[in-house]
Amino acid sequence: MKKLGLVLGGGAVRGLAHIGILKSLEKHHVAVDCIIGTSMGGVVGGLYAAGVPVHEIENTLIHTPKLRFLDRGNWLKGILAGNGIAQVVSGLLAEHELQDICIEQLPISFKTIAVDLMEGTQVMIDQGDLVTALRATSAFPGVFAPLMWNGRMLVDGGVLNNLPVANMKEENVNCILAVDVSREHEKKPPRNMVEVVYRSYSLMTAERKHSSLSLADMVVRPDVGPYAAFDVTKSLECIAAGEEAMDAMMPELQRRLASEEISLI
């Protein structure tokens, strides 16, 4: 039976396009056997791998008041603080009695990437508490506070590896589908310090991203380039772009998987 591996990259609000990707896969009855995600791709992928329906992930991330993502007690550690994200994720998992679930218990194989700031190394998280893992991979420097965990200071895995296709090559899958929601460099000046930091990291990781994409069997690029990474008013547009892009590539995906039996929902 052919297995499909899904690699979901970081992209802040543009990463919500991953929800549209999953909606399209479900619509066409194609199941995912393994997910590796970074940053927003890690959050969306981890929730989906745990069994949370994609429409509930969409509703929660779209309709949760943005102030709930803040942790005012840690305001000075980051422009925003990541504990708020953990609380929202925990609440959604609790609705499905999954609040204490560990990664190794997930119905879909899942891994996420973080970076240890003190060692300067990539950290693959493939076991332990799911909420902690999602908190770590979403801690973008300068925006969310780092996570102190087992003596490590963990931040967003996109700092070193924003699209971990190479990690998926090590998994037992036959077809790797990578979703690239990053935007190529633009000349329009950043509007604020958050965008300055985000664009700086995007430039530093661009070369590695292109190398990673060459390892995928298929690459889906939702048309989210017009939207700023932290423009929450464009969330629905990003989701729609993801679904549209995956719908357009579905015939190719089905052809690639047609030579052998594939998992069906």
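All of these numbers come straight from a predicted model, not from anything done at the bench.

Describing the overall build of the protein
Then step 1. Counting its regular elements, the protein contains 8 helices and 8 strands.
Then step 2. Looking at the 265 residues of the protein, the share that counts as buried comes to 55%.

Looking at the UniProt feature "active site" (unreviewed entry) in the protein
Then step 1. Mapped onto this numbering, the UniProt entry gives "active site" (unreviewed entry) at S39 and D156. Over a stretch of 118 residues, the named residues converge on one spot in the fold, their C-alpha atoms separated by at most 5.7 Å.
Then step 2. Structurally, S39 is set in the loop between β2 (34-37) and α2 (40-49).
Then step 3. By relative accessible area, which is 9% here, S39 ends up buried.
Then step 4. Topologically, D156 is positioned in strand β6 (residues 152-156).

Let's talk about the environment of L22
Then step 1. With respect to the helices and strands, L22 occurs in helix α1 (residues 17-27).
Then step 2. Considering only alpha carbons, one finds L22 and G45, 23 residues apart in sequence, at a separation of 9.0 Å.
Then step 3. Not counting residues up to four positions away in its chain, the partners in contact with L22 are L6, V44, Y48 and V54.

Brief notes about the side chain of D116
Then step 1. Looking at the element boundaries, D116 is found in strand β3 (residues 109-116).
Then step 2. Excluding residues that lie within four positions of it along the chain, D116 makes contacts with T121, V123, R152, M153 and L154.

Regarding the nonpolar core
Generally speaking, a soluble globular protein has its nonpolar side chains buried in company with each other.
Then step 1. Counting 66 residues, the largest nonpolar core has L6, L25 and L253 as the members making the most contacts within it.
Then step 2. L25 has contacts with L6, V30, V32, M246, M250 and L253, leaving out every residue within four places of it along the chain.
Then step 3. Core analysis: the second largest hydrophobic core is formed by 12 residues, M168, V173, L213 and V219 among them.

Observations concerning the pattern of salt bridges
Then step 1. What the rule picks out here adds up to 8 salt bridges.
Then step 2. Note that E58 is salt-bridged to K23, the shortest N-O span being 3.2 Å. Of the two residues, E58 is situated in helix α3 (residues 54-63) and K23 in helix α1; the sequence distance between them amounts to 35 residues.
Then step 3. Taking relative accessible area as the criterion, E58 reaches 13% and is therefore assigned buried.
Then step 4. Counted as one network, the salt bridges with shared partners bring together K23, K27, E58, E243 and D247.

Points about the environment of M124
Then step 1. Of note, M124 is situated in strand β4 (residues 121-125).
Then step 2. The partly exposed category is assigned to M124, whose relative accessible area is 27%.
Then step 3. Sequence separation between M124 and I113 is 11 residues, and the spatial gap between their C-alpha atoms is 4.9 Å.
Then step 4. Here M124 is in contact with K111, T112, I113 and N167, once residues within four sequence places are set aside.

Things to note about the packing of α1 against α2
Then step 1. One way to put it is that α1 packs onto α2 with a least axis distance of 9 Å and a crossing angle of 35°. Residues H18, I19, L22 and E26 of α1 form the contact with α2, whose own contacting residues are M40, G41, V44 and Y48.
Then step 2. Of the residues that constitute the contact of α1 with α2, the class distribution is 5 nonpolar, 2 polar and 1 charged.

Focus on unusual backbone geometry
Then step 1. Positive phi outside glycine occurs at A12, with the angle close to 55°.
Then step 2. Structurally, A12 is set in the loop between β1 (4-8) and α1.
Then step 3. Here A12 falls in the buried class, since its relative accessible area comes to 12%.
Then step 4. Notably, E97 is not glycine yet its phi reads approximately 55°, a positive angle.
Then step 5. Of note, E97 is situated in the loop between α4 (83-95) and β3.
Then step 6. Judged by its relative accessible area of 72%, E97 is exposed.

Description of the pairing of strand β7 (residues 175-179)
Then step 1. For β7, the buried fraction is high: 5 of the 5 residues fall into the buried class.
Then step 2. The two faces of β7 match: C175, L177 and V179 on one face and I176 and A178 on the other face are all buried.
Then step 3. In terms of strand pairing, β1 meets β7 through 5 bridges, oriented parallel. Residue pairing across strands places G5 opposite I176, the latter belonging to β7.
Then step 4. With 3 bridges joining them, β7 and strand β8 (residues 218-220) adopt parallel strand pairing. Its bridge partner lying in β8, V179 is registered against V220.

The rules behind these values
Residues numbered from 1 in each chain as written. Predicted model: local features only at pLDDT ≥ 70, side-chain atom pairs only at ≥ 80, totals over all residues. Heavy atoms only, no water. Helix = DSSP H or I, 4+ residues; strand = E, 2+ residues; numbered from the N terminus. Buried < 20%, exposed > 50% of the residue type's maximum accessible area, 1.4 Å probe, protein only. UniProt positions renumbered as here; feature names shortened; annotations may be inferred. Contact = heavy atoms within 4.5 Å. Core = buried A, V, L, I, M, F, W, Y, C linked by side-chain atoms within 4.5 Å. Salt bridge = Lys/Arg side-chain N within 4 Å of Asp/Glu carboxyl O. Axes fitted to C-alpha atoms, helices over the stretch in contact; angles between N-to-C directions. Nonpolar A, V, L, I, M, F, W, Y, C, P; charged D, E, K, R; others polar. Pairing = 2+ DSSP bridges.

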